[in-house]
Amino acid sequence: MEDFYLVDLPGYGFARQPKGVRRGFARLLREYLSTRRQLVGVVWLLDIRRDPSPDDLAMAGVFAARELPILIAITKADKLPRGRRTSRGRALQVAVGVTEDQCILTSAKTKEGLETLRDAVRACVASSQSG
């Protein structure tokens, strides 16, 4: 597999910034996504405890318009009881309009899902390099 870069773009949802600054973040994200032709996919972090915000839903539209492969790392899975994780993950998946195989429950604290996420990123990169 060839080398690749992971780019961490600024958050836009729960950032404690004035609306104008958050709009600037959103504009930066849209511009970055629309001008980077070599971009092969997006890893999108969504907190399992939060419903998608209007900004999240707008970004889902940007990703769809660009036809980018999306992996959603549903973060902080450890914050919910095991019985609620699957249903919350499914609710997030439906809300942003992606398929179940695009969503991975993760927890930095317990390491849940991290190897699965790594494998999915590697597969996305390998797929882009073979095609």
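Refer to the structure above for everything that follows.
Residues numbered from 1 in each chain as written. Predicted model: local features only at pLDDT ≥ 70, side-chain atom pairs only at ≥ 80, totals over all residues. Heavy atoms only, no water.

1. With respect to the side chain of Ser107
Following the sequence through the fold, Ser107 ends up in the loop between strand 3 (103-105) and helix 4 (114-130). On the basis of relative accessible area, Ser107 is assigned to the buried category, the value being 0%. Among the polar contacts listed, one links the side chain of Ser107 to the backbone nitrogen of Lys109, at a separation of 3.3 Å. Ignoring sequence-local partners within four residues, the contact set of Ser107 consists of Ala77, Asp78, Glu112 and Leu114. (Helix = DSSP H or I, 4+ residues; strand = E, 2+ residues; numbered from the N terminus. Buried < 20%, exposed > 50% of the residue type's maximum accessible area, 1.4 Å probe, protein only. Polar contact = N/O pair within 3.5 Å; in protein donor to acceptor, adjacent residues only side chain to side chain. Contact = heavy atoms within 4.5 Å.)

2. A look at the pattern of salt bridges
Charged atoms that come close allow side chains of opposite charge to pair. Summed over the entire model, instances satisfying the criterion amount to seven salt bridges. A salt bridge links Asp47 to Arg49; its shortest N-O distance comes to 2.8 Å. Of the residues examined, Asp47 reaches a relative accessible area of 15% and is grouped as buried. Classification of Arg49 as partly exposed rests on a relative accessible area of 37%. A salt bridge links Arg122 to Asp119; its shortest N-O distance comes to 3.1 Å. (Salt bridge = Lys/Arg side-chain N within 4 Å of Asp/Glu carboxyl O.)

3. Observations concerning helix 3 (residues 82-96)
The end-to-end C-alpha separation of helix 3 is 22 Å, in line with the 21 Å expected for 15 residues at 1.5 Å each. For helix 3, the set of buried residues is Arg85, Arg88, Gly89, Leu92, Gln93 and Val96. Here the buried residues of helix 3 occupy an arc of 140° about the axis, which is enough to place them on one side. Away from its buried face, by an angle of more than 90 degrees, helix 3 presents the exposed residues Gly83, Thr86 and Val94. (Expected span 1.5 Å × (residues − 1). Arc of directions from axis to C-beta.)

Remember, this is a structural readout, not a statement about activity or role.
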